[in-house]
Amino acid sequence: MKSLQFSMLLLSLVLAALLSFSTGALPQEDFLRCLSLRSNDSSTISSVIYTRNNPSYSTVLESTIRNLRFNSTNTPKPLVIVTPSRTSHFQATIYCSRKHGLQIRTRSGGHDYEGLSYVSKVPFVVVDLVNFRTVDVDVENRVAWVQAGAILGEIYYRIAEKSRTLAFAGGIFHSIGVGGYISGGGFGLLFRKYGTAGDNVIDAQFIDVNGRILDRKSMGEDLFWAIRGGGGGSFGIVLAWKLKLVPVPAIVTVFSVNRTLEQNATQLILRWQEIAHQLPDEMNPDVTMLSVNSTQDGSKTILASFSSLFLGTIDELLPIMQQRFPELGLSRQDCSEMSWIESVLYFNQLQNQPLEILLNRTFRTSVGGQYYKIKSDYVKEPISETALNGLFSRLSDEEASSAFIIFMAYGGIMDRIPEDATPFPHRAGNLYKIYYDVNWQEQDNVNSQKYIDWSRRVYNYMTPFVSKSPREAYANYRDLDIGSNNVGITSYRQASVWGRKYFKNNFDRLVQVKTKIDPQNFFKHEQSIPPLH
């Protein structure tokens, strides 16, 4: 009898252990039960949940992964993907994730350069805003309410449906999700005229760690300030933005002039550094540099492409360029007139496509490769000819065959907006920003490290020539090389290493806001704002 009792006891202990192991191995089961119980309408929430057993799981996950470096078999995948279609789905997901110890990663467009909106080293849930993307344009009052899952192309298209002389000061690439874009500040073709995207937000709908739905009035000015450039994934989830629409002329002009080193490109870049930031606010000048084969003997040379949008006609533009930058030799043949919305297609290299392509959120631009590493810098003083030659020599490296570097002029209204107007601090004193892009295709992904190493060598080389104390970087060009948080406990000291590069003196205020709104640091990732402990 005792033997039987012992056997039964042993069996019950084994079953309990197996059950415990099963529960621990499948934390999503408790999370899913919680979602069902927490939702007022379990049928609607079940239709927006994708587990790894769901046949659509991979399709949903991969739909907006822009950098395929983060779509390998070794990349950590979410236990569950939730694609909310109503605010109660967000509230239930936040509550159940907190209760069952799962991290949340929020994705609006998937352009996070380090994949932090859909990758985590700890068990996590992706909240994908694909179903939360209504755009409501009010032309009379020059505003638009835009849900955070909308892509920039959807905003531009909906504005253009009602007006060809209104725009939003957003980014260039149309497939970027507005939620994360504005959360990091957001700059684009109109920023020298109207400031960053965050500068043009006048209200927001936001959900905090406790599931409260807040607007500008109820959240307070400190939090409203923080979410317009303090970085996505740090404070809560922005559900929608109220955007200020800005006037643009019926006709705008674009131009592009290409010059190689043999055609005096170096001297033109030296001159560009002196005058680009002083050009009229209506211009957005940049210069793109890459290695090409010479048409003469097939040897490598550097091509510099000088381009800009101008808010006006060719006849208005040419006298300005002849006076300010005659060395470029801009001619009427280099220029094209079009509407503002057509210029969006132009800079996306979609000139011959219908406007409806802006609604395609899964469209992959032809710019660059499918795998890439991005870095950024800010320049306060012109870079010398010797230093430029050193940069050009690195663009001629084998690893740089598909790399390019862009100098993006600052100045304009950015010199006149205070540094602390929003968390985006890169205002007066910047001549231009540098964008470094090295990319490669799938067949060469086995050699990915050599491309990443190349980007680091170039970045190290540029150290003496760019901003210092801190060496600044743009928050939306996420770069884990400049620092990252511990996945577990994040310290203020640890985070300040990268935080001051992105936000400078605004970092301390962001930490104060974070401490107040999310003291337990539920919303976090490798470069999220930490609370003070």
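Refer to the structure presented above.
None of the values given here were measured: they were computed from a predicted structure. (Residues numbered from 1 in each chain as written. Predicted model: local features only at pLDDT ≥ 70, side-chain atom pairs only at ≥ 80, totals over all residues. Heavy atoms only, no water.)

1. Thoughts on the overall build of the chain
Okay, step 1: A count of helical and extended segments in the chain gives 17 helices and 18 strands.
Okay, step 2: By principal-axis analysis of the C-alpha atoms, the chain measures approximately 100 × 55 × 45 Å.
Okay, step 3: When each of the 533 residues of the chain is scored for burial, the buried share is 57%.
Okay, step 4: A sequence separation of at least 24 residues applies to 72% of the contacts in the chain between residues at least 6 apart.
Okay, step 5: By element, 50% of the accessible surface of the chain is carried by carbon and sulfur atoms, the whole surface being about 22,200 Å².
Okay, step 6: Separation of charge centres in the chain, based on 54 positive and 50 negative side chains, amounts to 7 Å. (Helix = DSSP H or I, 4+ residues; strand = E, 2+ residues; numbered from the N terminus. Buried < 20%, exposed > 50% of the residue type's maximum accessible area, 1.4 Å probe, protein only. Contact = heavy atoms within 4.5 Å. Areas by Shrake-Rupley, 256 points an atom, 1.4 Å probe, with all protein chains shown as cover. Lys, Arg positive; Asp, Glu negative; His and termini not counted. Charge placed at Lys NZ, Arg CZ, Asp CG, Glu CD.)

2. Concerning the nonpolar core
Okay, step 1: If you look at the biggest cluster of nonpolar residues, it comprises 133 residues, and the most contacted ones within it are Phe 168, Leu 190, Phe 235, Met 289, Phe 407 and Ile 434.
Okay, step 2: Residue contacts for Phe 407: discarding those within four places in its chain leaves Ile 269, Trp 272, Pro 285, Asp 286, Val 287, Met 289, Leu 388, Leu 391, Tyr 432, Lys 433 and Ile 434. (Core = buried A, V, L, I, M, F, W, Y, C linked by side-chain atoms within 4.5 Å.)

3. A word on the side chain of Asn 284
Okay, step 1: Along the chain, Asn 284 turns up in the loop between helix H11 (265–275) and strand S13 (286–293).
Okay, step 2: Aside from chain neighbours lying at most four places away, what touches Asn 284 is Gly 188, Leu 189, Phe 191, Arg 192, Ser 307, Ser 308 and Leu 309.

4. Let's talk about the packing of aromatic side chains
Okay, step 1: Evaluation of the coordinates by the stated rule reveals 27 aromatic pairs.
Okay, step 2: Ring centres of Phe 424 and Tyr 474 lie 5.8 Å apart, and the angle between their planes is 75 degrees; this geometry places the pair in the edge-to-face category. On the criterion of sequence distance, the pair formed by Phe 424 in the loop between strand S17 (404–409) and strand S18 (432–440) and Tyr 474 in the loop between helix H15 (448–461) and helix H16 (492–503) is long-range, its members being 50 residues apart.
Okay, step 3: Measuring from centroid to centroid gives 5.0 Å for Tyr 435 and Tyr 477, while their planes differ by 70 degrees, and the two rings are edge-to-face. Separated by 42 residues along the polypeptide, Tyr 435 in strand S18 and Tyr 477 in the loop between H15 and H16 bring together distant segments of the chain.
Okay, step 4: Taken together through their ring pairs, the aromatic side chains of Tyr 113, Phe 187, Phe 191, Tyr 372, Tyr 378, Phe 404, Tyr 410, Phe 424, Tyr 435, Tyr 474 and Tyr 477 make up a single cluster.
Okay, step 5: Above the plane of the ring of Tyr 459 lies Arg 471, whose end atom (NZ or CZ) is 3.5 Å from the centre. (Phe/Tyr/Trp six-rings, centres within 6.5 Å; stacked < 30°, edge-to-face > 60°. Lys NZ or Arg CZ within 6 Å of the ring centre and 35° of its normal.)

5. Things to note about the packing of H16 against helix H17 (residues 506–517)
Okay, step 1: At their nearest, the axes of H16 and H17 sit 9 Å apart, and the two run at 125 degrees to each other. The angle between H16 and H17 places the two elements in the oblique class. As H16 packs across H17, the resulting crossing turns out to be right-handed. Judged by residue contacts, Tyr 492, Ala 495, Ser 496, Gly 499, Arg 500 and Phe 503 of H16 engage Asn 506, Phe 507, Asp 508, Leu 510 and Val 511 from H17.
Okay, step 2: Each residue belonging to the contact of H16 with H17 can be placed in one class, and the counts come to six nonpolar, three polar and two charged. (Axes fitted to C-alpha atoms, helices over the stretch in contact; angles between N-to-C directions. Parallel < 35°, antiparallel > 145°, perpendicular 65-115°, else oblique. Left-handed = near helix turned anticlockwise from the far one by under 90°. Nonpolar A, V, L, I, M, F, W, Y, C, P; charged D, E, K, R; others polar.)

6. Side note on the environment of Leu 355
Okay, step 1: Its location among the elements puts Leu 355 in the loop between helix H13 (340–347) and strand S16 (371–379).
Okay, step 2: Sequence-wise, Leu 355 and Ser 56 are 299 residues apart; in three dimensions their C-alpha atoms are separated by 29 Å.
Okay, step 3: If we skip the residues at most four places from it in the chain, Leu 355 touches Tyr 157, Arg 164, Ile 341 and Leu 345.

7. Thoughts on the state of the cysteines
Okay, step 1: Under the counting rule described, the total for this entry stands at one disulfide.
Okay, step 2: The side chain of Cys 34 participates in a disulfide bridge whose partner is Cys 96; the two sulfur atoms lie 2.1 Å from each other. With the S-S dihedral at roughly -80 degrees, the linkage between Cys 34 and Cys 96 falls on the left-handed side. One end of the pair, Cys 34, is in helix H2 (residues 27–38); the other, Cys 96, is in helix H5 (residues 87–99), and 62 residues separate them in sequence. (Disulfide = S-S within 2.5 Å.)

8. Topic: the pattern of salt bridges
Okay, step 1: In the structure shown here, the tally under the stated rule is 31 salt bridges.
Okay, step 2: Residues Arg 216 and Glu 221 are paired through a salt bridge, measuring 2.9 Å at the closest nitrogen-oxygen approach. (Salt bridge = Lys/Arg side-chain N within 4 Å of Asp/Glu carboxyl O.)

9. A word on the environment of Pro 249
Okay, step 1: Structurally, the position occupied by Pro 249 is in the loop between strand S11 (246–247) and strand S12 (252–260).
Okay, step 2: Beyond its immediate sequence surroundings of up to four residues, Pro 249 is in contact with Arg 164, Thr 165, Leu 311 and Gly 312.

10. Topic: the sheet that holds strand S4 (residues 124–128)
Okay, step 1: Strand order in the open sheet formed by four strands is S1-S2-S4-S3, and the pairing between neighbours is mixed. The open sheet is flanked by strand S1 (49–51) and strand S3 (103–107), the only strands paired with a single partner. Looking at each pair of strands side by side, their axes are set apart by 20 degrees on average, direction ignored.
Okay, step 2: In the sheet, S3 pairs with S4 via five bridges, with the strands oriented parallel. Bridge assignment links Thr 106 to a residue of S4, and that residue is Val 127.
Okay, step 3: With respect to the sheet, H2 is in contact with S1, strand S2 (80–82) and S4, its orientation differing from that of S2 by roughly 25 degrees.
Okay, step 4: Each of S2, S3 and S4 is contacted by H5, which is oriented at about 170 degrees to S4, the strand it contacts most. (Pairing = 2+ DSSP bridges.)

11. Brief notes about helix H12 (residues 314–324)
Okay, step 1: All of the buried residues along H12 are Ile 314, Leu 317, Leu 318, Ile 320 and Met 321. Along the axis of H12, the buried positions cluster into a sector of 170 degrees, meaning they face one direction only. Of the exposed residues in H12, the ones pointing more than 90 degrees away from its buried face are Asp 315 and Gln 323.
Okay, step 2: Contact partners of the buried residues in H12: S12, strand S14 (300–310) and strand S15 (335–338). (Arc of directions from axis to C-beta.)

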